[in-house]
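One-letter residues, chain by chain:
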Amino acid sequence: MRDLFLRACRGEPTEQVPVWFMRQAGRSLPEYRALRERHSILEMCRTPELATEVTLQPVRRLGVDAAILFSDIVVPLQGMGVDLDIEPGRGPVIAQPVRSSSDVARLTPLDPAGDAGYVLDAVKMLVSELDIPLIGFAGAPFTLASYLIEGGPSRDHARTKALMFSEPEVWGQLMQRLSDAVSVYLRAQVEAGASAIQLFDSWVGSLSPIDYELYVAPWVTSIFDGLDDLGISRIHFGVVTGELLQPMHATGCDVMGVDWRVPMDQARARLGEDVPLQGNLDPAILLAPWEVVAQRATDVLDRTGGQKHIFNLGHGVLPQTDPGQLARLVEHIHAFQP
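In this report, we go over the structure that sits alongside the text. As the structure is a prediction and not an experimental result, all values here were calculated from the model.

Criteria and thresholds
Residues numbered from 1 in each chain as written. Predicted model: local features only at pLDDT ≥ 70, side-chain atom pairs only at ≥ 80, totals over all residues. Heavy atoms only, no water. Salt bridge = Lys/Arg side-chain N within 4 Å of Asp/Glu carboxyl O. Helix = DSSP H or I, 4+ residues; strand = E, 2+ residues; numbered from the N terminus. Buried < 20%, exposed > 50% of the residue type's maximum accessible area, 1.4 Å probe, protein only. Expected span 1.5 Å × (residues − 1). Contact = heavy atoms within 4.5 Å. Pairing = 2+ DSSP bridges. Axes fitted to C-alpha atoms, helices over the stretch in contact; angles between N-to-C directions. Phe/Tyr/Trp six-rings, centres within 6.5 Å; stacked < 30°, edge-to-face > 60°. Lys NZ or Arg CZ within 6 Å of the ring centre and 35° of its normal.

## Quick look at the pattern of salt bridges
Then, number 1: With the rule as written, the count across this model stands at 15 salt bridges.
Then, number 2: Where D254 meets R234, a salt bridge forms, and the shortest distance between an N and an O atom there is 2.9 Å. One end of the pair, D254, is in the loop between α14 (245-249) and β7 (255-257); the other, R234, is in strand β6 (residues 233-238), and 20 residues separate them in sequence.
Then, number 3: Assessed through its relative accessible area of 8%, R234 is described here as buried.
Then, number 4: Residue K308 pairs with D274 through a salt bridge whose shortest N-O separation is 3.4 Å. Of the two residues, K308 is situated in the loop between α16 (290-304) and β9 (309-313) and D274 in the loop between α15 (264-271) and β8 (277-281); the sequence distance between them amounts to 34 residues.
Then, number 5: By relative accessible area, which is 23% here, K308 ends up partly exposed.
Then, number 6: By relative accessible area, which is 63% here, D274 ends up exposed.
Then, number 7: In the salt-bridge network here, residues are joined through shared partners; they are D3, R7 and E15.

## Structural notes on helix α4 (residues 48-62)
Then, number 1: Over its 15 residues, α4 extends 22 Å from the first C-alpha to the last, a length consistent with the 21 Å expected when each residue adds 1.5 Å.
Then, number 2: Where burial is concerned, most of α4 is hidden: 11 out of the 15 residues are buried.
Then, number 3: Along α4, the residues that are buried comprise P48, L50, A51, T52, V54, T55, L56, Q57, P58, V59 and L62.
Then, number 4: On its buried side, α4 packs onto α2 (30-36), α3 (41-46), β1 (67-68), α8 (117-129), β4 (134-139) and α17 (323-335).
Then, number 5: Just beyond α4, the residue with positive phi is G63, at close to 75°.

## Topic: the sheet that holds β6
Then, number 1: What the 7 strands build is an open sheet, ordered β1-β4-β5-β6-β7-β8-β9; its pairing is parallel. Across the chains shown, the open sheet's two edge strands, defined by having one partner strand only, are β1 and β9.
Then, number 2: Pairing of β8 with β9, which is carried by 5 bridges, proceeds in the parallel orientation. Residue Q278 lies in a different strand from β9, and its bridge partner there is I310.
Then, number 3: Helix α11 (residues 168-192) contacts β4 and β5 (196-201) of the sheet and is inclined by roughly 170° relative to β4.
Then, number 4: Strands in contact with α16 are β8 and β9; relative to β9, the strand with the most contacts, it is inclined by about 150°.

## Some points on the packing of aromatic side chains
Then, number 1: If you walk through the whole model with that rule in mind, you get 6 aromatic pairs.
Then, number 2: Aromatic pair Y147 and W203: ring centres 6.4 Å apart, planes at 70°, arrangement edge-to-face. With a gap of 56 residues between them, Y147 in helix α9 (residues 141-150) and W203 in the loop between β5 and α12 (209-215) connect regions that are remote in the sequence.
Then, number 3: Look at Y147 and you get buried, because its relative accessible area is 8%.
Then, number 4: According to the relative accessible area criterion, W203 is partly exposed, its value standing at 27%.
Then, number 5: By way of ring pairs, the aromatic residues F137, F200 and F237 are connected into one cluster.
Then, number 6: Here R261 stacks its cationic end above the ring of W260, 4.0 Å away from the centre of that ring.

In structure tokens:
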């Protein structure tokens, strides 16, 4: 059933509910941690053989229905000339934040083959080894802009929103640069062999629906529209985006990711019966006894009826998660009868 995941993405009937996990490649797996003792995250991203190995680790161990490329959303920013690092325990840190028109002008157009060819090499290597679909991905323009403007992770994204509100011309210039880069980056991954893509807008939940539609939606729409001719499934996901589900879906994605804060039946009511959904078990549930995990996972499945549904977590796998719980969860999901 190699195409189980893809059929669910298209909203077609499936005999099982497909399942994969955000951040399944890494952190909770001992074989990944062994590699991290010798290599930085960016080194692994830039080494196709290492990125391939880390992508395959959860596929071998868990029996998931899709693999997601091991990389990081800031990789294309490096290709655009941004000096950055990923600091352990903190995340991406930008050496020179982008806060003016001249700062935006420093960003160079992304040439995926020349600036991130190692990512495409990893995709090609994976496609030759996998017997399930490979998901390519990128960070959405707002989330990438937030890292660039704040200089790193932020709790309130205050600098980002201040620039967005007070310097709309600069904001537009930055979003144009980023959306252009994301578009060519995702297209290159698909042309290298990825069967679907996911656009992560991790921090867009900090915006109101009105501000999302004014300052973000046009750029995301341009990305999804630009991939339309490829005929692949496009997944969109953000955190704390319950109030943004409708405008986010309206940008043109095929599958809407749902975090754990909105019950799946409510998400379906907001979006309509025809929209395939992905999600949405709270990652922290996996730290509870198996009986709790099974009950809560079944509740998620019952709320969708097991159709037009790709089971996932409501965000990424937590580092302290027992891989055995993940493997058992995959078996539980596959045993559910839609």
